[in-house]
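Take a look at the letters that make up each chain.
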Amino acid sequence: MWRSLRSVVATGLGGTRCGVAGVGGTRCAVVFDGSSVSVGGSKCGANVARSFHLSVTCQASSRNNLNKPLTVDEMTRLGGIASFMRLPVQSDTQGLDACFVGIPLDIGTSNKSGTRLGPRQIRCESVLLKPYNSATGAAPFDCLNVADVGDVFINIFNLPEACNNIRDRYMELLSTGCIPLTMGGDHTITYPILQAIKARRGRVGLVLVDAHPDVSDITLGAKINHGSPFRRALEEDLIDPHATFQIGLRGSCHAQDGNAWQINQGFRVVSAEECWHKSLVPLMEEVRAKMGDKPVYLSFDIDGIDPGFCPGTGKLTILVLVQSVVV
């Protein structure tokens, strides 16, 4: 039955009961109790559950006070507080399963500035998003309590201190078990976020979608910048090199074997050219198999998109921590 389930995401927390769409319109009951998943009365470990994407439409749930995005019937898209999807705003993560958080930092980038305005603009554009995905059946706001916790205070005149600001704030956000979904900000921010995750939850697997590997060592005498987060992360054992995927790398390099360093560390490098004109389902199956039941951190850099469509990157990054119960 598992193999017949169509490929989309399922998340259940604390006994949440969901309906899962299978092939031919069949439906199967799914209950997640925090450590295992029950499907159609048969139990399987969380690692098996993570090996398959499931379509979720959460049905009866005892958690009937979940936050919801503001709808156009409640307030025109031109109005309302500019939180992510106009969700409620709160200062901490108490009672939350996930939170949106912004880091308006671009003093670590070497090219165009402006990504400090990224979190604000993402929030403004998010007003167009709707709470249900018709293609996958995903309905996160029926299962998860989510809010916008605002932006991290950073010292925009001191990059190392700004990284300390980020790490300390994420230690607070992670203390309740909440999953932060981060809007950046240049890629420097990933390093202190991973430091906080290591302190709270241990080493993680990594899925990076990016045009660049970001494994430089020292640039102009600086070890911390937007081009070095994953080298620093590996040095401090924040990520598992044998569960690290770098997807979409492209463009010119400083050397003939520009990706040799991370490949020698055990990273799986997938160039942009390898993703052209083909389904990415086999690659995603490889990712899931490699991750097993470990926590996974997902990082998406805007320059993973063709620069013909996103020419102004300097760079903007959307970062998400994905725990072991989330694919």
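Residues numbered from 1 in each chain as written. Predicted model: local features only at pLDDT ≥ 70, side-chain atom pairs only at ≥ 80, totals over all residues. Heavy atoms only, no water.

Looking up the chain in an unreviewed UniProt entry gives the name Agmatinase, with the organism given as Cherax quadricarinatus.

(A) Structural view of the environment of Ala 196. Summarising the element assignment, Ala 196 is placed in helix H5 (residues 190-201). Classification of Ala 196 by relative accessible area gives buried; the value is 0%. On a C-alpha basis, the gap between Ala 196 and Leu 174 in space is 7.9 Å, while along the polypeptide they are 22 residues apart. Beyond its immediate stretch of four places on either side in the chain, Ala 196 contacts Arg 167, Tyr 170, Met 171 and Leu 174. (Helix = DSSP H or I, 4+ residues; strand = E, 2+ residues; numbered from the N terminus. Buried < 20%, exposed > 50% of the residue type's maximum accessible area, 1.4 Å probe, protein only. Contact = heavy atoms within 4.5 Å.)

(B) How the structure looks around the packing of aromatic side chains. With the rule as written, the count across this model stands at two aromatic pairs. Over the ring of Trp 261 we find Arg 231, and its NZ or CZ is 4.0 Å from the ring centre. (Phe/Tyr/Trp six-rings, centres within 6.5 Å; stacked < 30°, edge-to-face > 60°. Lys NZ or Arg CZ within 6 Å of the ring centre and 35° of its normal.)

(C) Examining helix H8 (residues 281-291) more closely. Considered for burial, the residues of H8 that qualify are Leu 283, Val 287, Arg 288 and Met 291. One face of H8 carries all of its buried residues, which in axial projection span an arc of 140°. Facing away from the buried side of H8 by more than 90 degrees, the exposed set consists of Pro 282 and Ala 289. Just downstream of H8, Gly 292 is the residue with a positive phi angle, here 60°. (Arc of directions from axis to C-beta.)

(D) A look at the pairing of strand S6 (residues 98-103). Counting buried positions over the six residues of S6 gives six, a clear majority of the element. Residue alternation in S6 divides its side chains into two sets, Ala 98, Phe 100 and Gly 102 and Cys 99, Val 101 and Ile 103, and both sets are buried. Here S6 runs beside strand S7 (residues 146-151); their pairing, made up of four bridges, is parallel. The residue of S7 that forms the bridge with Gly 102 is Asp 151. Where S6 meets strand S8 (residues 179-184), six bridges bridge the pair, whose relative direction is parallel. Opposite Phe 100, over in S8, you have Leu 181 as the bridge partner. (Pairing = 2+ DSSP bridges.)

(E) View of the side chain of Arg 232. Among the structural elements, Arg 232 can be located in helix H6 (residues 229-235). There is a polar contact of 2.6 Å between the side chain of Arg 232 and the backbone oxygen of Lys 223. In contact with Arg 232, other than residues within four places in its own chain, are Tyr 191, Ser 216, Asp 217 and Lys 223. (Polar contact = N/O pair within 3.5 Å; in protein donor to acceptor, adjacent residues only side chain to side chain.)

(F) Looking closely at the pattern of salt bridges. Applying the stated criterion across every chain, the model contains 13 salt bridges. Put simply, Asp 142 and Lys 68 hold a salt bridge, and the shortest N to O gap is 2.9 Å. Residue Asp 142 is found in helix H3 (residues 140-143), and its partner Lys 68 is found in the loop between strand S5 (56-58) and S6; the two are separated by 74 residues along the sequence. Given a relative accessible area of 17%, Asp 142 falls into the buried group. Exposure remark for Lys 68: the relative accessible area of 42% places this residue in the partly exposed category. A salt bridge links Asp 217 to Arg 232; the shortest N-O distance between them is 2.7 Å. (Salt bridge = Lys/Arg side-chain N within 4 Å of Asp/Glu carboxyl O.)

(G) Looking closely at unusual backbone geometry. Here the bond from Gly 184 into Gly 185 is cis, since omega is 10°, no more than 30 degrees from zero. Checked against the element boundaries, Gly 185 lands in the loop between S8 and H5. Of note, the phi angle at Met 85 is positive, near 55°, even though the residue is not glycine. For Met 85, a relative accessible area of 7% puts it in the buried group.

(H) How the structure looks around the nonpolar core. Judged by nonpolar contacts, the single largest core of 36 residues is most densely connected at Ile 103, Leu 105, Ile 166, Tyr 170, Ile 193, Leu 194 and Ile 239. Every element with two or more residues in this core is listed here: S6, S7, helix H4 (159-174), H5, strand S9 (204-209), H6 and strand S10 (239-249). With seven residues, the top contributor of residues to this core is H4. By size, the runner-up hydrophobic cluster in this structure holds 12 residues, among which are Leu 87, Phe 100, Ile 122 and Cys 143. (Core = buried A, V, L, I, M, F, W, Y, C linked by side-chain atoms within 4.5 Å.)

(I) Fine view of the confidence of the model for the chain. Counting all residues, the mean pLDDT for the chain is 81, and 76% of those residues have values of 70 or more. Here residues 1-62 scores under 50 on pLDDT; set against residues more than four positions off or in separate chains, the count is 137 contacts. The model gives residues 322-327 a pLDDT under 50, and that stretch makes 26 contacts with residues more than four places away or in other chains. (pLDDT = per-residue confidence, 0-100.)

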